[in-house]
Amino acid sequence: MFIDSHCHLSFPELRAQLPEILSAMEQARVERALCICTTLEEFDQVHGLALMHRELWATVGVHPDNEGVYEPSVDELVALAGRPRVVGIGETGLDYYRLGERSVADMEWQRERFRTHIRAARRTDLPLVIHTRQAAVDTLAILREEGASSATGLPVARGVFHCFTETVEVARAALDLGFHISFSGILTFKNAVDLQEVARFVPLDRCLIETDSPYLAPVPFRGKTNSPAWVPLVARRLAELKRLEVEVVGAATRANTLALFGAMAGA
Ligand SMILES: [Zn+2]
Ligand SMILES: [Zn+2]
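A brief report on the enclosed structure follows.

Conventions we followed
- Residues numbered from 1 in each chain as written.
- Chains lettered and ligands numbered in written order.
- Predicted model: local features only at pLDDT ≥ 70, side-chain atom pairs only at ≥ 80, totals over all residues.
- Heavy atoms only, no water.
- Helix = DSSP H or I, 4+ residues; strand = E, 2+ residues; numbered from the N terminus.
- Rg over C-alpha atoms; globule rule 2.2 N^0.38 Å.
- Contact = heavy atoms within 4.5 Å.
- Areas by Shrake-Rupley, 256 points an atom, 1.4 Å probe, with all protein chains shown as cover.
- Lys, Arg positive; Asp, Glu negative; His and termini not counted.
- Charge placed at Lys NZ, Arg CZ, Asp CG, Glu CD.
- Axes fitted to C-alpha atoms, helices over the stretch in contact; angles between N-to-C directions.
- Parallel < 35°, antiparallel > 145°, perpendicular 65-115°, else oblique.
- Left-handed = near helix turned anticlockwise from the far one by under 90°.
- Nonpolar A, V, L, I, M, F, W, Y, C, P; charged D, E, K, R; others polar.
- Buried < 20%, exposed > 50% of the residue type's maximum accessible area, 1.4 Å probe, protein only.
- Salt bridge = Lys/Arg side-chain N within 4 Å of Asp/Glu carboxyl O.
- Polar contact = N/O pair within 3.5 Å; in protein donor to acceptor, adjacent residues only side chain to side chain.
- Expected span 1.5 Å × (residues − 1).
- Arc of directions from axis to C-beta.

**Overview of the overall build of the chain**
Line of reasoning, step 1. Counting its regular elements, the chain contains 10 helices and eight strands.
Line of reasoning, step 2. In summary, the chain has a C-alpha radius of gyration of 17 Å against a globular reference of 18 Å for 267 residues, a match within 12%.
Line of reasoning, step 3. A fraction of 73% describes how many contacts in the chain between residues 6 or more apart in sequence connect residues 24 or more apart.
Line of reasoning, step 4. Of the roughly 11,300 Å² of accessible surface on the chain, 53% is carried by carbon and sulfur atoms.
Line of reasoning, step 5. If you average the places of the 28 positive and of the 35 negative side-chain charges in the chain, the two averages end up 5 Å apart.

**Examining the packing of helix H9 (residues 231-242) against helix H10 (residues 246-260)**
Line of reasoning, step 1. Here H9 crosses H10 at 115°, and the two axes come no closer than 8 Å. Between H9 and H10, the angle is such that the two are roughly perpendicular. Note on packing geometry: the crossing formed by H9 with H10 is right-handed. In contact with Pro232, Ala235, Arg236, Leu238 and Ala239 of H9, H10 contributes Val246, Val249 and Thr253.
Line of reasoning, step 2. Of the residues contributing to the contact of H9 with H10, the split by class is six nonpolar, one polar and one charged.

**Quick word on the side chain of Glu91**
Line of reasoning, step 1. Within the fold, Glu91 resides in strand E4 (residues 86-95).
Line of reasoning, step 2. Of the side chains with opposite charge, Arg98 comes closest to the buried, unpaired Glu91, at an N-O distance of 9.7 Å.
Line of reasoning, step 3. A polar contact of 3.1 Å, which involves the side chain of Glu91, links it to the side chain of His6.
Line of reasoning, step 4. Among the polar contacts made by the side chain of Glu91, one reaches the side chain of His8 at a distance of 3.1 Å.

**Quick word on H10**
Line of reasoning, step 1. Compared with an ideal rise of 1.5 Å per residue, which puts 15 residues at 21 Å, H10 spans 21 Å between its outermost C-alpha atoms and is within 8% of the ideal.
Line of reasoning, step 2. All of the buried residues in H10 are Val249, Gly250, Ala252, Thr253, Asn256, Thr257, Leu258 and Leu260.

**Some points on helix H4 (residues 74-81)**
Line of reasoning, step 1. Looking only at H4, the buried set comprises Val74, Leu77, Val78, Leu80 and Ala81. The buried side chains of H4 occupy one side of the element, clustering within an arc of 165° when seen end-on.
Line of reasoning, step 2. Elements that come into contact with the buried residues of H4 comprise helix H3 (40-52), strand E3 (56-60), E4 and helix H5 (108-124).

Next comes the structure, spelled out in structure tokens:
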């Protein structure tokens, strides 16, 4: 059995295919998938999927790349996180890839949004789904500052670095903070040699797998519209790299996902 820990089934190209995707998941023994929220405008659709389908769960959050969208407060995130079948906060984090004309200093709004999500995660004791791209130093620094201060009396922030594409050093720092690392279809790409090294390094009990559908379809479907039914291909590649059976990696990543997103373990 497999779990896809990160997908966007609310996006139109996947939503239109939902019956086919759910049956393909069943055939591929992908028993659950976590539908990730990227704007509050989208939340009702993401949440609706989780309410309507027993295989699906939801998160609440605003992706760092989304500008000109509703900016949530901590209280609003906490309230939405209290809805049934909402099991995590995100995706959130930092993304300096699309700076354009701007400097890193201009991205204070993104760092502030990230802090808001961390505060909500600590207040609800739900895991964070973290997106970081060309911003690892700041992502880790903010997590250390905002996620671990004991002055608040709140639980320390925990969660997953999703679609990991950073170095072994960044992985080690994330693991030291108690976070999990999630691998996507990128792991199956021939040129992803550095990432394959990271996958050998991260202990199996801290690994998750995901598709990030509709993006990043694994080999041999690279370039196509991705679906949670293809997450076993990520498991298979991770198993090869770790010299394990795919069943072992499927079971371990499934158990890790259920332990992290506790409510997902329910019916
Ligand atoms: Zn992401
Ligand atoms: Zn995503």
